[in-house]
Number of protein chains: 8
Amino acid sequence: MVQENWRIYLSGEIHSDWREHIINGCSAKGLPVDIVTPITNHEASDDCGVEILGHENDEFWKDHKGAQVNAIRTRTLIEKSDVVVVKFGDKFRQWNAAFDAGFCAAKGKPYITLHDEDIIHALKEVDAAAMAWAKTPGQVVEILKYVTLA
Amino acid sequence: MVQENWRIYLSGEIHSDWREHIINGCSAKGLPVDIVTPITNHEASDDCGVEILGHENDEFWKDHKGAQVNAIRTRTLIEKSDVVVVKFGDKFRQWNAAFDAGFCAAKGKPYITLHDEDIIHALKEVDAAAMAWAKTPGQVVEILKYVTLA
Amino acid sequence: MVQENWRIYLSGEIHSDWREHIINGCSAKGLPVDIVTPITNHEASDDCGVEILGHENDEFWKDHKGAQVNAIRTRTLIEKSDVVVVKFGDKFRQWNAAFDAGFCAAKGKPYITLHDEDIIHALKEVDAAAMAWAKTPGQVVEILKYVTLA
Amino acid sequence: MVQENWRIYLSGEIHSDWREHIINGCSAKGLPVDIVTPITNHEASDDCGVEILGHENDEFWKDHKGAQVNAIRTRTLIEKSDVVVVKFGDKFRQWNAAFDAGFCAAKGKPYITLHDEDIIHALKEVDAAAMAWAKTPGQVVEILKYVTLA
Amino acid sequence: MVQENWRIYLSGEIHSDWREHIINGCSAKGLPVDIVTPITNHEASDDCGVEILGHENDEFWKDHKGAQVNAIRTRTLIEKSDVVVVKFGDKFRQWNAAFDAGFCAAKGKPYITLHDEDIIHALKEVDAAAMAWAKTPGQVVEILKYVTLA
Amino acid sequence: MVQENWRIYLSGEIHSDWREHIINGCSAKGLPVDIVTPITNHEASDDCGVEILGHENDEFWKDHKGAQVNAIRTRTLIEKSDVVVVKFGDKFRQWNAAFDAGFCAAKGKPYITLHDEDIIHALKEVDAAAMAWAKTPGQVVEILKYVTLA
Amino acid sequence: MVQENWRIYLSGEIHSDWREHIINGCSAKGLPVDIVTPITNHEASDDCGVEILGHENDEFWKDHKGAQVNAIRTRTLIEKSDVVVVKFGDKFRQWNAAFDAGFCAAKGKPYITLHDEDIIHALKEVDAAAMAWAKTPGQVVEILKYVTLA
Amino acid sequence: MVQENWRIYLSGEIHSDWREHIINGCSAKGLPVDIVTPITNHEASDDCGVEILGHENDEFWKDHKGAQVNAIRTRTLIEKSDVVVVKFGDKFRQWNAAFDAGFCAAKGKPYITLHDEDIIHALKEVDAAAMAWAKTPGQVVEILKYVTLA
């Protein structure tokens, strides 16, 4: 039984090291996964639009240009992924993470949410369309191990 | 030139009266629109799952049942709408609103965001995929007036 | 807020009167729903193929012809419905009901399962993709009342 | 004429050794196929949800969590397969197998049913949408040999 | 149970009166169907391209222009129909009828073939993807009566 | 044979009166068509973004806002139309008209081009994906008359 | 500029050696193409259903079983191909070739027809949806050379 | 983190060397991209139809044949690409470039426009649906570097 690698996209929170936990966990277990992510350098992500395409006086258009350049990457990688993991935390609004979850739901692409118990009520619509809710990166790794089993 | 009514879905914030402003504004101008909404009674929306389908001890599953019952309505109405308006405010997380926006983006359904200027950075991915950002319900009505012009 | 009727398809079990309960319940509450069903006359459903298109010596082909004629109706009505209700009981195999549920899941069409508690384990994959699990026709009516609320 | 391998998914019955017959048959004939399956360890499949994501008091939610984790694997592999084989037997309800068949039918993905003659009437809707009905694993191997011929 | 009319498209053979048999049969039984057809005036159908858009010296381009103008009608009506009936006869090649059948198969739209027994071998691929094979217009009417039953 | 009206969208050139010719021609012949158009008031179309949503210093963003507001109308009406007519002239670049044609081609929606003979080379890719090339509004009316014939 | 091979499917006529001409022509020119075909052994193609799955007394069902087994191959390979070539000749009805063309048209998959000039009128609908009409296998090879040019 | 190459399609203007700038720029930076293009030999592109498939007296049909042969290549490569770059210049009408942009918009495929500032008004609809507007090939390379970052 030959099997190509699974492609996993890690969406959401960028101010903690949860991606490393998942990447290292998958690597330690030798899982057949290719993991891709958005650009997680906060400053680069915020500035890429104006850095590359020119200054904007208006903050809205600065954000607009940056968000669209980032979207070239994120949309493409999400569409090409088999499973998406969406991490929510207690800092920032993270509307982009919920946006990615809605995008996946509409495309019929399975996603796993990753967040603490204290925000389950606020995330109820996002969790309701997910295939699993994990509380730790380790649980995500265990799910990936289980579903990718040769 | 005969023209059927446009169907408009109003997503997001439920603790302010922005929907009434839009509904009344469209009505006052005689716009050819049918406006639909999620259930905006906060308590009914939270409790519908357990009210109808039975008690849950665990808050997560209570929310899960409720969110799924609500989703029967929201997904169906969003899919049947021509334009979606998504309102964000400064209270609550409103991840469901961002989820709806992501859902629309994936379906190629045009949506308009409605929010104040102070949250443009947090909403940059959501705004970047929108067809317009309005600051007031009145601007939404003006857009609807313009696009539905016979 | 004008709203067109919701189309509800009632799939599954045909040897009990659960459809009448739902139809009467919706009617009694004046819900804005149009309810459609497969042909529920068991004998007509089994024989339609050979009755209309000619005798078959082989039971397999008799069933094949009948199942395909019925599928013209069932697929068309399911695709045109907003919500599907799938009823499972303790008699017969009802693989066609599970087939309809899988069809809905693939199309992203919301469905509600209706069955007793004693078969939840056997139905876990079917329930997992449903938007709600109801134990009684009355609960289905309550869900329809809630989601179609003007 | 270069040709990439065909991907075959084997759905349904897990308490008999039919998958080994097909895998060994394809291997013995050197067919250009990659065969994938759901997790066929019954206990692991039932418990994966609570094992990985935490205990549930309620059997329904235990099943729900498990079925959704399994669905991450099964949906993904079905969508990536070229042909699906669905096996039905005389034990258990196997609603999940019929669910997979309905899923394939909706996606336009060809599937072959595998079952004895005594259940053809109960399976008539499932067989009617199939591309072939095989009675033995050997017949499935012969079909795969025929259709994948270089 | 309110039910909108079913839309039926009658494709294929234009040199016999089979359409009238079906239209009259449906009318006599009061079936809830709206029946649509291609332009069945052979000469008008052949000449519409050059009649409207200008003379062509080359027969290929005359046919090309005509076939495309007709396709505006046929594709649109087929896509909007619930069921397509495709009639094959012993005269002419009727490749357009087989083309319509292939089009329906790809779209997942149910179609019924209508033809005599002597051409079943030549039509085996077309029949294999059909939901029913009828030998007479009367059988088609009976199928439509059965599937549209309120 | 009942038949609902055909929806026709008239895209492209706004500085000549070709739309009136088509609308009047269809009306004079009593064709069963509902004709819809983009906003054809050039100034309103250019300014709608900044008029409704606020001033922009940068011409690019002024155009961006306006084009997106207009797109809410144009995309929605194109998607809901059965046939699109795209008019090209010798003035202006009319890239938006070619954009609409490409959009239709990707959606499989039939469109008719309307333009003089002197620009056929420049329009060859656009014409190649069209169902017809008309030189006059009168020819468009004749096509619509032919394809909508009851 | 790296480029993966193009996949070409050769549909239609099986009683002449046109496929060999195209395969050899592509090979001689070193084109970056992978060519796939239906089973072109006429007898094997006719008998595969009953050979593998058991005897049928009725010719219709013999053909039905065979056509469906073949369809597992043909549909899958057509869907995976970039370009389809459909050959029509003066012998047999070749409704399956026209069926494949209609299937491609509905999927938006480009196809080239290959046939003599004497049947252009009968093939006008099939040609009208094609990207090219070739009269010789050599022309098909030239088209493939042109479009796959690195 | 393994990552397959990104496929980039370069559409539009063929009378300047902008493609070489992008190809060389990507190569110099070692970006993980495979770049594909339409046939950019103007004469070959104009004549391919009649060169391969035979002379046409009428310029319209000469263009038609050529445009369709080219479309086999361009549609296929656009559909297989992850990102499309569309270049507009001040010479020629370049309706084909706008057509490609509309095609991408309808497919949800991200595209970047490349053009000078003096044509922003004429391109406002095309730019409004783009993910970025670049003024130089170097900016396109920078975007590709950013979005394909491992």
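Residues numbered from 1 in each chain as written. Chains lettered and ligands numbered in written order. Predicted model: local features only at pLDDT ≥ 70, side-chain atom pairs only at ≥ 80, totals over all residues. Heavy atoms only, no water.

*Asks:* Help me get a handle on helix α1 (residues 18-29) of chain F, residues and values and all.
*Replies:* Three- or four-residue spacings in an α-helix give side chains the same orientation, since the helix completes a turn every 3.6 residues. All names here are of chain F. For α1, which comprises twelve residues, the first-to-last C-alpha distance of 17 Å matches the rise-based estimate of 16 Å (1.5 Å per residue) to within 8%. Within the sequence span of α1, burial applies to W18, R19, I22, G25 and C26. Mapping the buried residues of α1 onto a view down its axis gives an arc of 135°, with all of them on the same face. Opposite the buried face of α1, by more than 90 degrees, sit the exposed residues S27 and A28. If you follow the buried residues of α1, they end up packed against β1 (6-12), β2 (33-36), β3 (83-87), β4 (111-114) and α6 (137-147). G30 sits one or two positions beyond α1 and adopts a positive phi of about 65°. (Helix = DSSP H or I, 4+ residues; strand = E, 2+ residues; numbered from the N terminus. Expected span 1.5 Å × (residues − 1). Buried < 20%, exposed > 50% of the residue type's maximum accessible area, 1.4 Å probe, protein only. Arc of directions from axis to C-beta. Contact = heavy atoms within 4.5 Å.)

*Asks:* An account of the sheet that holds β2(F) is requested, with residue identities and associated values reported.
*Replies:* Residue and element names in this part refer to chain F. If you trace the five strands from one edge of the open sheet to the other, you get β2-β1-β3-β4-β5, paired in parallel fashion. Here the strands that pair on one side only, and so sit at the sheet edges, are β2 and β5 (132-134). Looking at each pair of strands side by side, their axes are set apart by 25° on average, direction ignored. As judged from the four bridges shared by β3 and β4, these two strands associate in the parallel manner. Residue pairing for β4: V85 is matched across the bridge by I112. Lying on the sheet, α1 is in contact with β1, β2, β3 and β4; it crosses β1 at an angle near 165°. (Pairing = 2+ DSSP bridges. Axes fitted to C-alpha atoms, helices over the stretch in contact; angles between N-to-C directions.)

*Asks:* Could you give me a rundown of the interface of chain A and chain B, with the residues and numbers involved?
*Replies:* Between chain A and chain B, the residue contacts involve 37 residues of the former and 37 residues of the latter. Three residues stand out in chain A for area buried against chain B, namely A:R93, A:W95 and A:F99, and they jointly supply 24% of the buried area on that side. Note that B:K124 is salt-bridged to A:D46, the shortest N-O span being 3.3 Å. Along the contact surface separating chain A from chain B lie 16 residue pairs in polar contact (both at pLDDT 80 or more). (Buried area = accessible area lost by both parts, 1.4 Å probe. Salt bridge = Lys/Arg side-chain N within 4 Å of Asp/Glu carboxyl O. Polar contact = N/O pair within 3.5 Å; in protein donor to acceptor, adjacent residues only side chain to side chain.)

*Asks:* Requested: an account of the pattern of salt bridges, with residues and values cited.
*Replies:* Summed over the entire model, instances satisfying the criterion amount to 80 salt bridges over all chains. E:K124 serves as the salt-bridge partner of E:E125, at 3.5 Å between the closest nitrogen and oxygen. We classify E:E125 as partly exposed; its relative accessible area is 21%. The exposure class assigned to E:K124 is buried, which follows from its relative accessible area of 9%. One salt-bridge network, in which partners are shared between bridges, spans A:E4, A:D82, D:R7 and D:K80.

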